[in-house]
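Chain residues, written in single-letter form:
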Amino acid sequence: MLSFFSVALLTATLRSAAPLIFAAMGGLLSERSGVTNIALEGLMLMGAFAAVAGTYFSGSPFVGLAVAIVVGALGGFVFAFWSVTLRADQIVAGTAIVLLGLGLTSFLTEQVWGQAGSSPPVERLPTIGLGMNVLLPVAFLLVPITHWFLFKTKPGLRVQACGEKPEAAQAVGIDVGKYRYAMVIASGVLASVGGAYLSIGDLSQFTTNMTAGRGFIALAAVIFGNWMPWAAMGAALLFGFAQALRFHVQALGLPINQDIIIALPYLLTLIAVTGLLRKSTPPAGLGRHATEG
Amino acid sequence: MSTLPRPTEAGAGAVRPLTRIAGALPTVLSSLLAVAIALLAGGVVIALSGQTPFPAYVALFEGAFGGRRAIAETLVMATPLILGGLGFAVASRAGLFNIGLEGQMVLGGLCAGLAAAWNPGLPLYVHLPLALLAAAIAGGIWGFIPGILKAKTGAHEVITTIMLNYLAYRISTVVIGREDLVLVNPALQATQPAVDNASLPLLLEGTRLHAGILLALLAAVVVWFLLYRTVFGYKIRTVGLSQGAAAYAGISWGRTIALAMLLSGLLAGLGGAVDAIGLHGRYYNVMLGLGFTSIAVGLVGRNNPFGVVMAGLLFGALASGATRMQNTAGIARDIVYVLLAFVILSVSALAVFQQFQQSRRQTTRARGMTYDRAADEAGEPLVEPPPPPRTI
């Protein structure tokens, strides 16, 4: 009996963590290049909606996934245009993207399908057993790839230079804007795929505000993981475990208050950014432009 | 003895208001321009979704301003936004981005709702202020936490307030869900109805207009006075403009931002309260999104109390008009969030252009050159004037 619950709890943890990992790796790339990314939540919602819309009109969830990738790239491009080219305040622009994601997706849901709140059911991505879909292993594969890219490749090291000291990067001839564009667009694509994971992977429809703050939790995982890919994955797994545990507390008869478990990711992140547990060190050039002091 | 002529008071008085208005004009115009751009872009979205934008906007306008009830509804919708927008403005003036207005409003609404549901038989002039005070304290604490955390540990307020938003939702859900609490109704996901003596009185029969709007306008005046006529306000603005200059002037940065966040949260808490004990007559445990709209209000109002009132009225009009638009033109009211996003995007883009132009003008002036607008806009580099011919 216990082993059954352990397996169920394990798979539920993986399933809850996977969308967080997608968005967290996106957020990590963007922040490592120096662009504060609170837009993840909005980008995830856009992806969740685009995936369902694409699947609905084409009949194939893979087309839906492709549409989500394109929409995510577009959303990332808009965010990059504001925060890199226009040099607008990145937090203000991020807030706008969150609202845009929320507004556009719920508006279009009602306009396209004529009902407020949710889309009709669509076909899901194929599963690989135990309720896990094909995107789940991709999420976990992304972690070593992100790590390898950032620490072992030339462009990755340049991304870090852009994030740590944009003026210096500029001075040695690195096109800071170009790298930031690439990373922000990548974050749009990854967050969007995370959203698609929710809508056509875990579920088979879009519902209004279905990400329910997962974009912000992913950002929290980046911070809790101190902007390191493996640690961010660990944080995402911890937060995913907290989500999964909610549904197993009663079944397992654990003496833990459910409300505290739900609040855990937020509480932990709050403590993490204050540096009370250990020092929190964001990229030094986060939010700064290359040509300012 | 000095015989230099002093500028006469009358002369200064005659010039100042005019120059002030002229100085504020570009800001007002650019805010209006931002709204116009947003409406245009929103029209494109409406058109792309297969509807015609023009009748939609006509319905929106009628719903916002067409008649006594519509105007009353606009004021009702504007009330929490003005208070929240003022909260955003105070934090912004101190250099902080308070994205936690939502959580502060949630707790403010919850505490006002609880205090108003409690019935000890107090008279109106005691019970109503008590309920508002409960909201102000709750919101204030929720604003103070990120403020003090930033002051003491440097934790970025954007991250801490986002986390505190979700914690506020949790607290609200837990309290509202308690079966053993007589003040709440878990089945309805709300507090028990507010007693009459703890509700904001109705101002206009046949409408939903309540006294909250007076509270909001009063708050705007108080915030203006605080920011521009008191030492505390001076400290807030100095800290926001330059942390270094403030330190040099002996202003404690940490204390000032913590108190500014307290004030910001307090105002947002009141914003949550007016909806609970003014509009709905009880607190409902739903994600309102008021906090995010308030951010837009603060941004469009350029963190100026008067501007915030105007922007609050504008967004109140959007919110009340959207209901009519949905009913008569069949456009989902969530388009309002799209418009909000567009407003924020265009405001932030226009702010950048303004700053750019300003710095160009300052550079030219500093170098003793005349500012050539046409050349500047054509992107020509600044050229130093040729040195004056030497005369021997």
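The shown structure was predicted, so the numbers you read here are calculated from the model rather than taken from an experiment.

S.K.: Please clarify how the overall build of chain B should be interpreted in this entry.
M.R.: Helices and strands together make up the secondary structure of chain B, namely 14 helices and two strands. In chain B, which comprises 392 residues, the share counted as buried stands at 51%. Here the analysis covers contacts within chain B between residues at least 6 apart in sequence; of these, 76% occur between residues at least 24 apart.

S.K.: Looking at this structure, how should I read the overall build of chain A?
M.R.: Helices and strands together make up the secondary structure of chain A, namely twelve helices and zero strands. Listed N to C, the secondary structure of chain A is α-α-α-α-α-α-α-α-α-α-α-α in terms of helices and strands. A compact globule built from 293 residues would reach a C-alpha radius of gyration of about 19 Å, and chain A, at 19 Å, matches this within 12%. Taking the principal axes of its C-alpha atoms as reference, chain A extends roughly 60 × 45 × 30 Å. For chain A, the residues scored as buried account for 56% of the 293 residues in total. Put simply, 78% of the contacts in chain A that link residues at least 6 apart link residues at least 24 apart.

S.K.: Looking at this model, I keep getting lost on the interface of chain B and chain A. Mind explaining?
M.R.: How big an interface is tends to be reported as the loss of accessible area on association of its parts. Contacts between the two partners involve 31 residues from chain B, matched on the other side by 36 residues from chain A. Secondary-structure elements contributing two or more residues to the side of chain B that touches chain A are helix 5 (124–153), helix 6 (157–176), helix 11 (290–300) and helix 13 (335–366) of chain B. Residue contributions to the side of chain B that touches chain A peak at ten residues, all from helix 13 of chain B. Of the residues that constitute the side of chain B that touches chain A, the class distribution is 24 nonpolar, five polar and two charged.

S.K.: It is not clear to me how the packing of helix 9 (residues 214–224) of chain A against helix 10 (residues 229–246) of chain A should be interpreted in this structure. Could you clarify?
M.R.: Between two packed helices, the angle of one axis relative to the other and the distance separating the axes together describe the packing. Residues and elements named next belong to chain A. Where helix 9 contacts helix 10, the axes come no closer than 7 Å and their chain directions differ by 130 degrees. Taken together, the axis directions place helix 9 and helix 10 in an arrangement best described as oblique. Seen from above, helix 9 lies across helix 10 with right-handed handedness. Taking contact as the criterion, the partners of Ile217, Ala221, Val222 and Phe224 in helix 9 are, on helix 10, Ala232, Ala235, Ala236 and Phe239. Residues that form the contact of helix 9 with helix 10 fall into these classes: eight nonpolar, no polar and no charged.

S.K.: Is there a simple way to explain the nonpolar core in this structure?
M.R.: Note on soluble globular proteins: their nonpolar side chains tend to be buried together. Core analysis: the largest hydrophobic core is formed by 232 residues, its most contacted members being Ile21 and Ala221 of chain A together with Ala112 of chain B. Beyond its immediate stretch of four places on either side in the chain, Ile21 of chain A contacts Ala139, Phe140, Leu142, Val143, Met233 and Ala236 of chain A.

S.K.: Got a minute to help me understand the confidence of the model for chain B in this structure?
M.R.: As a general rule, the predicted coordinates of low-pLDDT regions are not to be interpreted in detail. Residues and elements named next belong to chain B. Summary statistics for chain B give a mean pLDDT of 86 and a share of 84% for residues scoring 70 or more. In the predicted structure, residues 1–14 sits below a pLDDT of 50 and forms one contact with residues beyond four places in sequence or in another chain. Taken together, the chains of this predicted complex give a pTM of 0.86 and an interface ipTM of 0.90.

Parameters and conventions
Residues numbered from 1 in each chain as written. Chains lettered and ligands numbered in written order. Predicted model: local features only at pLDDT ≥ 70, side-chain atom pairs only at ≥ 80, totals over all residues. Helix = DSSP H or I, 4+ residues; strand = E, 2+ residues; numbered from the N terminus. Buried ≥ 20, exposed ≤ 12 C-beta atoms within 10 Å, placed from the backbone. Contact = placed C-beta atoms within 7 Å. Rg over C-alpha atoms; globule rule 2.2 N^0.38 Å. Nonpolar A, V, L, I, M, F, W, Y, C, P; charged D, E, K, R; others polar. Axes fitted to C-alpha atoms, helices over the stretch in contact; angles between N-to-C directions. Parallel < 35°, antiparallel > 145°, perpendicular 65-115°, else oblique. Left-handed = near helix turned anticlockwise from the far one by under 90°. Core = buried A, V, L, I, M, F, W, Y, C linked by C-beta atoms within 7 Å. pLDDT = per-residue confidence, 0-100.

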